[in-house]
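Single-letter residue listing:
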Amino acid sequence: MYKKIVVLTGAGISQESGLKTFRGSDGLWEGHRIEEVASPVGFENDPLMVWDFYNQRRRQLLCDEVDYNNAHKSLAEFEKNFCGDFLLVTQNVDDLHERSGSQNVLHMHGELLKARCLDTSRVYDWTEDLGEKTSHPDFPEKVGRLRPHIVWFGEMPLHMDKISQALKQCDLFISIGTSAQVYPAAGFVSMTSRSCHRVELNLEDTPSSMIFDETHRGLATEVVSNYFKDLLS
Ligand code: NAD
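Overview of the structure. Everything quoted here is computed from the prediction, not taken from an experiment. (Residues numbered from 1 in each chain as written. Predicted model: local features only at pLDDT ≥ 70, side-chain atom pairs only at ≥ 80, totals over all residues. Heavy atoms only, no water.)

### Quick word on the layout of surface pockets
Next up, step 1: Considering only enclosed or pocket space, the second largest pocket measures out at about 200 Å³ in volume.
Next up, step 2: Residue lining of the second largest pocket: Lys4, Ile5, Val6, Asp85, Phe86, Leu87, Asn104, Lys162, Gln165, Ala166, Gln169 and Cys170, and that is the complete set.
Next up, step 3: Those elements giving two or more residues to the lining of the second largest pocket turn out to be strand 1 (4-9), strand 2 (85-90) and helix 6 (160-169).
Next up, step 4: A per-element tally of the lining of the second largest pocket places helix 6 first, with 4 residues.
Next up, step 5: Counted by class, the lining of the second largest pocket contains 6 nonpolar, 3 polar and 3 charged residues. (1 Å grid on protein atoms, 1.4 Å probe; cavity = no way out; pocket = protein on both sides within 12 Å on 5 of 7 lines; lining within 4 Å. Points joined across faces, edges and corners; volume = space filled by probe spheres on them. Helix = DSSP H or I, 4+ residues; strand = E, 2+ residues; numbered from the N terminus. Nonpolar A, V, L, I, M, F, W, Y, C, P; charged D, E, K, R; others polar.)

Here is the structure:
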């Protein structure tokens, strides 16, 4: 039985919850080029458009139609029943893992339901729209100084020390619904030890599929549930 498990999730696990992935067939995120909406330069060039993009993503995440699915739930249930160390690292900026009951979750690319002060870098829980007229929770006279708490291309992902350590020590690494094209997450499989068993669960092959010891193809709601049910039995 495995003792230390690290799971990495990407946009594919939330696709059946109604949230579009980034690398669909068109290579766009909800119709936008990634450099426009997910880079510091994009924000400098057109802050209104970038605020609005994430306002729409946040509203969509909070609408009644979007909720966790069977794959999120299977991970949360596995964590509850597993006796060893379990770390869930997600590239997703939604909160569907937390909603389904997952406890030990690290959001390496930030969170839609948080905002960050451009001056102090302090992070705030946030469910409203952000924009040029948004007043600051600590300094109400200051307006328009909050940005989405999202790690954009060229910025340092969060929690990397903790993640690197867990990857080196784990005996099972499972990558779910990620295209293996965004670094450093795409390199996590190669950071695990030689004795670590590596599993990829995805709808289709990725550029990293050959590195894995085991791969399962299919919808996350099916393959993730089946895989984790077997792992506990
Ligand atoms: P990606 O969009 O690049 O790749 C998605 C992967 O999921 C693909 O390999 C695809 O084959 C697979 N997939 C799609 N539907 C699936 C399903 N139903 N079941 C199983 N697999 C499925 O995603 P990424 O690798 O996570 O990189 C995208 C970046 O964009 C991330 O950094 C993330 O922060 C951001 N993003 C986040 C969300 C979210 O939070 N839900 C959504 C879109 C983009």
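### What to know about the sheet that holds strand 2
Next up, step 1: The strand order 3-2-1-7-8-9 describes an open sheet built from 6 strands, whose pairing is parallel. Each having just a single partner strand, strand 3 (105-107) and strand 9 (214-217) make up the two edges of the open sheet. The sheet shows a mean angle of 15° between the axes of neighbouring strands, direction not considered.
Next up, step 2: Here strand 1 pairs with strand 7 (residues 172-176) via 5 bridges, running parallel. Opposite Ile5, over in strand 7, you have Leu172 as the bridge partner. (Pairing = 2+ DSSP bridges. Axes fitted to C-alpha atoms, helices over the stretch in contact; angles between N-to-C directions.)

### So, the pattern of salt bridges
Next up, step 1: Under the criterion given, the structure shown has 13 salt bridges.
Next up, step 2: A salt bridge links Asp95 to Arg99, with the shortest nitrogen-to-oxygen separation between them at 3.1 Å.
Next up, step 3: Residue class for Asp95 comes out buried when judged on its relative accessible area of 18%.
Next up, step 4: Classification of Arg99 by relative accessible area gives partly exposed; the value is 29%.
Next up, step 5: If you follow the salt bridges from partner to partner, you end up with Arg33, Glu35 and Glu36 in one network. (Salt bridge = Lys/Arg side-chain N within 4 Å of Asp/Glu carboxyl O. Buried < 20%, exposed > 50% of the residue type's maximum accessible area, 1.4 Å probe, protein only.)

### Remarks on the side chain of Glu111
Next up, step 1: By the secondary structure assignment, Glu111 is in strand 4 (residues 110-117).
Next up, step 2: A polar contact of 3.1 Å, which involves the side chain of Glu111, links it to the side chain of Lys114.
Next up, step 3: In this structure, Glu111 is in contact with Val93, Glu98, His149 and Ile150, ignoring residues within four places of it in sequence. (Polar contact = N/O pair within 3.5 Å; in protein donor to acceptor, adjacent residues only side chain to side chain. Contact = heavy atoms within 4.5 Å.)

### Concerning helix 8 (residues 220-232)
Next up, step 1: For helix 8, spanning 13 residues, the distance from its first C-alpha to its last is 18 Å, which sits close to the expected 18 Å at 1.5 Å a residue.
Next up, step 2: Burial in helix 8 covers these residues: Ala220, Thr221, Val223, Val224, Ser225, Tyr227, Phe228 and Leu231.
Next up, step 3: Structurally, helix 8 contributes buried residues whose contacts are with strand 1, helix 4 (70-81), strand 7, strand 8 (197-202) and strand 9. (Expected span 1.5 Å × (residues − 1).)

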